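Descriptive structure summary
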2 protein chains.
Amino acid sequence: MDTYDIRFPTSRQLDGSDAMNPDPDYSAAYLVLRTDAPDGLAGHGFTFTIGRGNDVQVAALDALRPHVLGRSVEDLSADPGLVSRALTGDSQLRWLGPEKGVMHMAIGAVVNAVWDLAAKRRGVPLWKLLADAEPEWLVSQVDFRYIADALSPEEALELLRRGREGSAGREKTLRAEGYPAYTTSPGWLGYSDEKLTRLAEEAVAAGFTQIKLKVGADLADDIRRCRAARAAIGPDVRLALDANQRWNVAEAIEWTQALAGFDPYWIEEPTSPDDILGHARIRAAVAPVKVATGEHVQNRIVFKQLLQADAVDVVQLDAARVGGVNENLAILLLAAKFGVPVCPHAGGVGLCELVQHLAMFDYVALSGTTEDRVIEFVDHLHGHFEHPAVVRDGRYTAPLSPGFSAEMYPASLATFAYPGGTFWTDDLAAAGTAGDAEPVGAAGVVAESVEVTA
Amino acid sequence: MDTYDIRFPTSRQLDGSDAMNPDPDYSAAYLVLRTDAPDGLAGHGFTFTIGRGNDVQVAALDALRPHVLGRSVEDLSADPGLVSRALTGDSQLRWLGPEKGVMHMAIGAVVNAVWDLAAKRRGVPLWKLLADAEPEWLVSQVDFRYIADALSPEEALELLRRGREGSAGREKTLRAEGYPAYTTSPGWLGYSDEKLTRLAEEAVAAGFTQIKLKVGADLADDIRRCRAARAAIGPDVRLALDANQRWNVAEAIEWTQALAGFDPYWIEEPTSPDDILGHARIRAAVAPVKVATGEHVQNRIVFKQLLQADAVDVVQLDAARVGGVNENLAILLLAAKFGVPVCPHAGGVGLCELVQHLAMFDYVALSGTTEDRVIEFVDHLHGHFEHPAVVRDGRYTAPLSPGFSAEMYPASLATFAYPGGTFWTDDLAAAGTAGDAEPVGAAGVVAESVEVTA
């Protein structure tokens, strides 16, 4: 198991800027599970962070090494839940959460690497592995502890059996038409109104039927930006708003109501992701504007309560925040049980690549629909991945390469390793002019993908 | 800022064993803030962990160093909230929580070290610093974000002003009589019935009016152990039960009802600390048995909801789980607002030493009462501290030494540093017989305190 502290200098263009995160350097605490199997395959996984603290996340990955070293590749491929259970069940590591924050995200990264390996060895993309799996086996991959009051194993089995009906037809549709996306690229808080307008028009021209705007720093600015966005996209394209946890409950209600005239589709992260009761009150007050959250929701237990409390209209699961595919299966099953659509969070580093597999499995073999479902898309950093997410005409194309699409190019790992990678050492050498230095990417693909969006 | 990975080999005697944590090695990710002030004073703080992962917690402390280095000692002493706000407000580090898990506990340790320093420089114990502080200043130390819907700054000010009425008399009572304690020492899950009975009888003889038993591994065992405990302590001493998050909601209700005949005072951590709605359902079902939780509650936002949802009878705040004294002020204020007693979690490494200050402040200058309030006491590892918590006749004695009682002996730090301290290097050298090796403590106090309880 090799680990890497990978950081991209995204803060220099204010890509990714929002009301809570003014200057993110998109980063990944990345790992590779290498094996001695003759096929030479390796499992890749990562946690997404926004810069400082990525080293702490790598330390957490390193702490998990004893749980994976020396395990049988055959056993892991047959039952990725083995590692999921071992990691979340380590009582000493559990103390550091439980099942939340740095340690839980590290567990998710390792678990996802095991799924990447399993899918590669099976020779299929992860969504296909999941969609073809026996319902009983999928249920065996889920930890029902703390969610059994909302979803029993028997109910999960029933949902998955029903989800299989007609799955062949939906798989065909998915391969032909892809899965709906929306884009956040126009809406970063640091962008000028002109850039916002231009990118919003480009998004509509590119086939997107929903865009998203960051809000929450200044109400007058938000009103002006919403007006510009609505003017650019017209009345029929959905306009989602994202406050990135900026508000208290009362502020969230007032601010959302003040923007209601621009017909927002949802308000995302109106307050703390921990505040289930707060979300319920906000939702009741701002309807028909929908309430969405999830990218910072720590685990299945909080998602369970958001659903039990009628606190959300949209579940925004994140592929790299919770305990990996196994816990995301639980979250998808909970959402299906409560009939709430899942619109995954993506962007960051590689989140689009990962989460498309979960949404596509959900469509083919669980919820069975893409109605009111969209996967976030941000046009950042995809060029670092061997099999980047591909969005055409506003839709994610179904990935066909074996695995979880998690693998970054070795050149990207070498270039952006922090602080020893060539980008950062060159940057340090050029310290005086670092602010406007061009990316020094070792491979063309690296230089391309650092420029992002604009 | 120096950091230390300190680990004690407590798993060898099964001290601290419970239904979720069978073999804890009580540990501390410890830090010292040194200054160049002529008084030579230093601030000490730590996070408690149970072994593996303590290195990750130390890495998180190290990540916070840039926020404290070079700050003015005068500024910090005048406003510990400076560091609290800087740390919780670092948007990149916030991504790793937010406000939960490894990074948040590290923030709490640093913030607590600042308070230790501030109280030492003032020449008073922390409880006295807080009890004498102006209500306006205390309010300025609290972050109301995400709790303002339950507690406004104005309400907090009013609670603190009312709390000051009669505080001089209560301080006198506290100094004379101490603060009520209960003991968990008899009840560890790994102990035999004979040991349980003996320790329970000793606890009553020592003046405790409440003891606590770990439950949740096996119902037949629990029934037998509750019977033995109740027989040992008689009908008038309170018997608290602690399931350490072992159960789903339905299990928690059934199991607690099955033990109700032994007249338990509270059931603690019946399920996940994240499950606010679950606690509310359990509480409604098991009354008059009270529901208690808090040692793993991640922050003020979850405590707020536990109170809003009528989910707990007892708030068990922990001095080293949340973001330090500042966030615990918020939690004490929330509990006072809702009229729910605070019975702090303690034990571990140094948690008794820290948390007594918070409970005593609450008594003297906030809630104004010790009715139905007890601080947990476990007779573990106190000998490593310069100013150990002192319990006499079942009551904590008010600490009089300046500071937060957080400071460990240099000899303890040197001996139990992992893996380089002399205990661990000697242990490694004696590998074959490590299981029953005697502690090798460099100082007498070390050898004494490793033996614990028995």
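Here the structure is a predicted model, which means the values were calculated and not measured.

**Considering helix α9 (residues 167–177) of chain A**
Residues and elements named next belong to chain A.
- Taken residue by residue, α9 has S167, R170, E171 and L174 as its buried positions. For α9, the buried positions fall inside an angular range of 105° around the axis, keeping them on one side. Among the exposed residues of α9, those oriented more than 90 degrees off its buried face are A168, K172 and A176.
- Close packing links the buried residues of α9 with α6 (126–132), α8 (153–164), β4 (179–187) and α16 (351–365).
- Backbone geometry just after α9 places G178 at a positive phi near 75°.

**Some points on the sheet that holds strand β1 (residues 2–7) of chain A**
All names here are of chain A.
- Taken in spatial order, the 3 strands make up an open sheet running β1-β2-β3, and their pairing is antiparallel. Each end of this open sheet is capped by a strand with a single partner; those strands are β1 and β3 (42–49). For this sheet, the mean angle separating the axes of adjacent strands, direction not counted, is 20°.
- Against the sheet, helix α5 (residues 101–122) contacts β2 (27–34) and β3, and its axis sits at roughly 150° relative to β3.

**Things to note about the layout of surface pockets**
Residues and elements named next belong to chain A.
- Here the largest pocket is characterised by a volume of approximately 360 Å³.
- If you go around the largest pocket, you meet 19 residues; those closest to its centre are S84, R85, T88, G89 and D143.
- Elements that contribute at least two residues to the lining of the largest pocket include exactly α3 (81–88), α4 (91–94) and α15 (325–338).
- For the lining of the largest pocket, the element with the highest residue contribution is α3, accounting for 4 residues.
- Among the residues making up the lining of the largest pocket, the classes are represented as 2 nonpolar, 10 polar and 7 charged.
- For the lining of the largest pocket, the two domains that each supply at least three residues are domain 1 (2–125 + 409–431) and domain 2 (156–396).

**Details of the domain arrangement of chain A**
Residue and element names in this part refer to chain A.
- Structurally, chain A comprises domain 1 (2–125 + 409–431) and domain 2 (156–396).
- One C-alpha centre belongs to domain 1, the other to domain 2, and the line joining them spans 24 Å.
- If you look at the interface, domain 1 gives 34 residues, while domain 2 gives 36 residues.
- Counting the surface lost from both domain 1 and domain 2, the interface buries some 2900 Å², and carbon and sulfur atoms represent 61% of this.
- On the domain 1 side of the contact with domain 2, A19, F46 and Y409 bury the most area, a combined 21% of that side's loss.
- Taken together, the links from domain 1 to domain 2 amount to 1 salt bridge.
- Ionic pairing is found between R300 and E99, a salt bridge with its closest N-O pair at 2.5 Å.
- Counting the contacts that link domain 1 with domain 2 gives 9 residue pairs in polar contact (both at pLDDT 80 or more).
- Taken together, the elements giving at least two residues each to the side of domain 1 that touches domain 2 come down to β2, β3, α3, α5 and α17 (410–416).

**Describing the UniProt feature "domain: Mandelate racemase/muconate lactonizing enzyme C-terminal" (unreviewed entry) in chain A**
- Those places that UniProt annotates as "domain: Mandelate racemase/muconate lactonizing enzyme C-terminal" (unreviewed entry) correspond, in this numbering, to residues 193–289 of chain A.
- The distance separating the terminal C-alpha atoms of residues 193–289 of chain A is 24 Å; by composition the span is 52% helix and 15% strand.

**A look at the relation of the copies chain A and chain B**
- By a simple turn and slide, chain A fits onto chain B: the slide is 0.0 Å along the axis, the RMSD is 0.0 Å, and the turn is 180°. The transformation relating the two chain copies, once decomposed into turn and shift, fits a two-fold axis. Considering only C-alpha atoms, the residue of chain A closest to the rotation axis is G101 of chain A, which sits at 2.3 Å.
- When the interface residues of chain A are mapped onto chain B, 100% of them again fall at the interface, so both copies present the same face.

**Quick word on the packing of aromatic side chains**
- The tally for this structure, following the rule as stated, stands at 30 aromatic pairs over all chains.
- Centre to centre, the rings of Y179 of chain A and Y363 of chain A are 6.4 Å apart; their planes meet at 80°, and the pair counts as edge-to-face. Highlighted residues: Y179 of chain A in strand β4 and Y363 of chain A in helix α16, separated in sequence by 184 residues.
- Note on Y179 of chain A: relative accessible area 0%, which makes it buried.
- Among the aromatic residues, ring-to-ring pairing joins F8, F416, Y418, F423 and W424 of chain A into one connected group.
- Sitting over the ring of Y146 of chain B, R145 of chain B keeps its end group 5.9 Å from the ring centre.
- The lysine or arginine in question, K195 of chain B, covers the ring of Y191 of chain B, its NZ or CZ lying 4.0 Å from the ring centre.

**Brief notes about the interface of chain A and chain B**
- In this assembly, 61 residues from chain A lie in contact with 61 residues from chain B.
- Summing both partners gives a buried area of about 5100 Å² for chain A against chain B, and 53% of it is carried by carbon and sulfur.
- Contact with chain B buries surface across chain A, with R52, Q92 and W95 of chain A losing the most and accounting together for 18% of the total.
- The interface formed by chain A and chain B includes 8 salt bridges.
- For K304 of chain A, the salt bridge is made with D275 of chain B, and the minimal N-O distance between the two is 2.5 Å.
- Counting across the interface, chain A meets chain B through 35 residue pairs in polar contact (both at pLDDT 80 or more).
- At the level of secondary structure, the elements contributing two or more residues to the side of chain A that touches chain B comprise β3, α1 (54–68), α4, α5, α13 (276–286) and α14 (300–308) of chain A.

**Topic: the sheet that holds strand β2 (residues 27–34) of chain B**
All names here are of chain B.
- Taken together, the 3 strands give an open sheet; going across it, the order is β1-β2-β3, and neighbouring strands pair in antiparallel fashion. Looking at the sheet topology across the chains shown, the edges are occupied by β1 (2–7) and β3 (42–49). For this sheet, the mean inter-axis angle between neighbouring strands, taken without regard to orientation, is 20°.
- When β2 meets β3, the two strands line up antiparallel, connected through 8 bridges. Bridge pairing in β3 links V32 to H44.
- Against the sheet, helix α5 (residues 101–122) contacts β2 and β3, and its axis sits at roughly 150° relative to β3.

**Here we look at the packing of helix α10 (residues 193–205) of chain B against helix α11 (residues 219–233) of chain B**
Residue and element names in this part refer to chain B.
- Two numbers describe how α10 lies on α11: the axes approach to 8 Å, and their chain directions differ by 30°. On the basis of their axis angle, the class for α10 and α11 is roughly parallel. For the pair α10 and α11, the crossing hand works out as right-handed. Taken together, the residues of α11 that come into contact with α10 (itself represented by D193, L196, T197, A200, E201 and V204) are R224, R225, A228, A229, A232 and I233.
- Residues that form the contact of α10 with α11 fall into these classes: 7 nonpolar, 1 polar and 4 charged.

**What to know about the confidence of the model for chain A**
Residues and elements named next belong to chain A.
- Chain-level statistics for chain A give a pLDDT mean of 93 and a share of 94% at 70 or above.
- Counting interchain partners and residues more than four positions distant, the pLDDT-below-50 stretch residues 433–454 has 40 contacts.
- Interface confidence for the predicted complex, expressed as ipTM, amounts to 0.94; the pTM equals 0.94.

**A look at unusual backbone geometry**
- Residue P288 of chain A is reached from A287 of chain A by a cis peptide bond, and omega for that bond is 10°.
- The omega angle of the peptide bond from Y418 of chain B to P419 of chain B is 0°, so this bond is cis rather than trans.
- Position of P419 of chain B relative to the elements: it lies in the loop between α17 (410–416) and α18 (422–429).
- Unusually for a residue other than glycine, E99 of chain A sits at a positive phi of about 55°.
- In this fold, E99 of chain A is placed in the loop between α4 and α5.
- With a phi close to 70°, Q245 of chain B is a non-glycine residue in the positive phi region.
- Considering the arrangement of structural elements, one finds Q245 of chain B in the loop between β6 (238–242) and α12 (249–258).

**Overview of the side chain of E268 of chain B**
- Along the polypeptide, E268 of chain B turns up in strand β7 (residues 264–268).
- Each residue touching E268 of chain B, except ones within four places of it in the same chain, is listed here: Y182, K212, L241, D242, A243, N244, A292, E295 and Q316 of chain B.

**A look at the pattern of salt bridges**
- A complete count under the given rule lists 70 salt bridges over all chains for this structure.
- The partner of K120 of chain B in a salt bridge is D116 of chain B, and the shortest N-O contact between them spans 2.8 Å. Taken together, the positions of K120 of chain B and D116 of chain B, both in helix α5 and 4 residues apart, correspond to about one turn of that helix. The exposure classification of K120 of chain B matches that of D116 of chain B, with both residues buried.
- Counted as one network, the salt bridges with shared partners bring together K212, K214, D242, E268 and E376 of chain A.

Calculation notes
- Residues numbered from 1 in each chain as written.
- Chains lettered and ligands numbered in written order.
- Predicted model: local features only at pLDDT ≥ 70, side-chain atom pairs only at ≥ 80, totals over all residues.
- Heavy atoms only, no water.
- Buried < 20%, exposed > 50% of the residue type's maximum accessible area, 1.4 Å probe, protein only.
- Helix = DSSP H or I, 4+ residues; strand = E, 2+ residues; numbered from the N terminus.
- Arc of directions from axis to C-beta.
- Contact = heavy atoms within 4.5 Å.
- Pairing = 2+ DSSP bridges.
- Axes fitted to C-alpha atoms, helices over the stretch in contact; angles between N-to-C directions.
- 1 Å grid on protein atoms, 1.4 Å probe; cavity = no way out; pocket = protein on both sides within 12 Å on 5 of 7 lines; lining within 4 Å.
- Points joined across faces, edges and corners; volume = space filled by probe spheres on them.
- Nonpolar A, V, L, I, M, F, W, Y, C, P; charged D, E, K, R; others polar.
- Domains from an automatic or database assignment.
- Buried area = accessible area lost by both parts, 1.4 Å probe.
- Salt bridge = Lys/Arg side-chain N within 4 Å of Asp/Glu carboxyl O.
- Polar contact = N/O pair within 3.5 Å; in protein donor to acceptor, adjacent residues only side chain to side chain.
- UniProt positions renumbered as here; feature names shortened; annotations may be inferred.
- Least-squares fit on C-alpha atoms with pLDDT ≥ 70 in both.
- Phe/Tyr/Trp six-rings, centres within 6.5 Å; stacked < 30°, edge-to-face > 60°.
- Lys NZ or Arg CZ within 6 Å of the ring centre and 35° of its normal.
- Parallel < 35°, antiparallel > 145°, perpendicular 65-115°, else oblique.
- Left-handed = near helix turned anticlockwise from the far one by under 90°.
- pLDDT = per-residue confidence, 0-100.

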